[in-house]
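Next come the chains, spelled out residue by residue.
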Amino acid sequence: CSRLHPVSSSAMLHHCRCAPGIHQHRNVQARNGKMYVPSDSFGGISPERKASQALQSLFTFISAKVVLAQLEGSGRGALASYNKEQYQVLFSHLQEASLSDSHAWLEQLMRKDKALGLRLMEVRAAYSRTDFEWDQLQRLSVESIQKSNLQLMREAATASLQATAAAAAAEVSPIAEVAEEQRTAAATAQEQQEAPQQE
């Protein structure tokens, strides 16, 4: 595209027809007017469900860090009390067990210390319900994507300009070489003509 400026993803698809690799397709929208996402993209679940699973693991990790701080005496309120045994149980569980499946992770913790597991569940629920900034998440996500798109477009435009300049230089180079040869030949001929006159 000749001009680069912040635009939405949909605007890019409509206006950047000149960008290589970007093609417009029909029937890319579902009946509700939104983009159609193939049902097998995430094993049959929606993108929102997939994102919620990732957030569930994030909230579980956050709750573990919050409770760890409380167990070592940091934090706010009566919950911030030192408990060496539970601290060591939770710290070790964080190090040893994978949080990719937060439900399974909490199940394993509950078998080690039921009260500790219940405490994490309460903190996780409260954080997701009242403390997490959902509006900020949407704003930061959209801004990050727009910034990334703009940077990629600029990089593509710069690479295209550099390739064009290199191609032009490659075409000019042989012409310059011929011109230099002609100048050298002319200078040599002139020297040869002047040599007898000097003698």
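Look up: the structure comes first, before these words.
Residues numbered from 1 in each chain as written. Predicted model: local features only at pLDDT ≥ 70, side-chain atom pairs only at ≥ 80, totals over all residues. Heavy atoms only, no water.

Enquirer: Got a minute to help me understand the packing of helix H2 (residues 47–71) against helix H4 (residues 102–112) in this structure?
Expert: If you want to describe how two helices pack, look at the angle between their axes and the distance between the axes. Direction vectors running N to C along H2 and H4 enclose 35 degrees, while the axes themselves pass 9 Å from each other. Touching Gln-56, Ser-57, Thr-60 and Ala-64 of H2 are Ser-102, His-103, Trp-105 and Leu-106, all from H4. Split into classes, the residues belonging to the contact of H2 with H4 amount to three nonpolar, five polar and no charged. (Axes fitted to C-alpha atoms, helices over the stretch in contact; angles between N-to-C directions. Helix = DSSP H or I, 4+ residues; strand = E, 2+ residues; numbered from the N terminus. Contact = heavy atoms within 4.5 Å. Nonpolar A, V, L, I, M, F, W, Y, C, P; charged D, E, K, R; others polar.)

Enquirer: I tried to follow the nonpolar core on my own but got confused; where do I start?
Expert: One broad trend across soluble globular proteins is that nonpolar side chains are buried collectively. Within the largest apolar cluster, 14 residues are counted, with the highest numbers of intra-cluster contacts made by Val-67, Leu-90, Trp-105, Leu-109, Leu-116 and Leu-120. Listing elements by their share of this core, those giving two or more residues are H2, helix H3 (84–96), H4 and helix H5 (114–131). When residues in this core are grouped by element, the largest group, four residues, is from H2. Setting aside anything within four residues of it in sequence, one finds Leu-109 in contact with Val-89, Leu-90, His-93, Leu-116, Gly-117 and Leu-120. (Core = buried A, V, L, I, M, F, W, Y, C linked by side-chain atoms within 4.5 Å. Buried < 20%, exposed > 50% of the residue type's maximum accessible area, 1.4 Å probe, protein only.)

Enquirer: What exactly am I supposed to notice about the environment of Leu-116 here?
Expert: With respect to the helices and strands, the residue Leu-116 is situated in helix H5. Taking the relative accessible area as the measure of exposure, Leu-116 reaches 0% and is therefore buried. For the pair Leu-116 and Leu-106, spaced 10 residues apart in the sequence, the C-alpha separation amounts to 9.7 Å. Setting aside residues up to four positions removed in sequence, Leu-116 forms contacts with Val-67, Leu-71, Gln-86, Val-89, Leu-90 and Leu-109.

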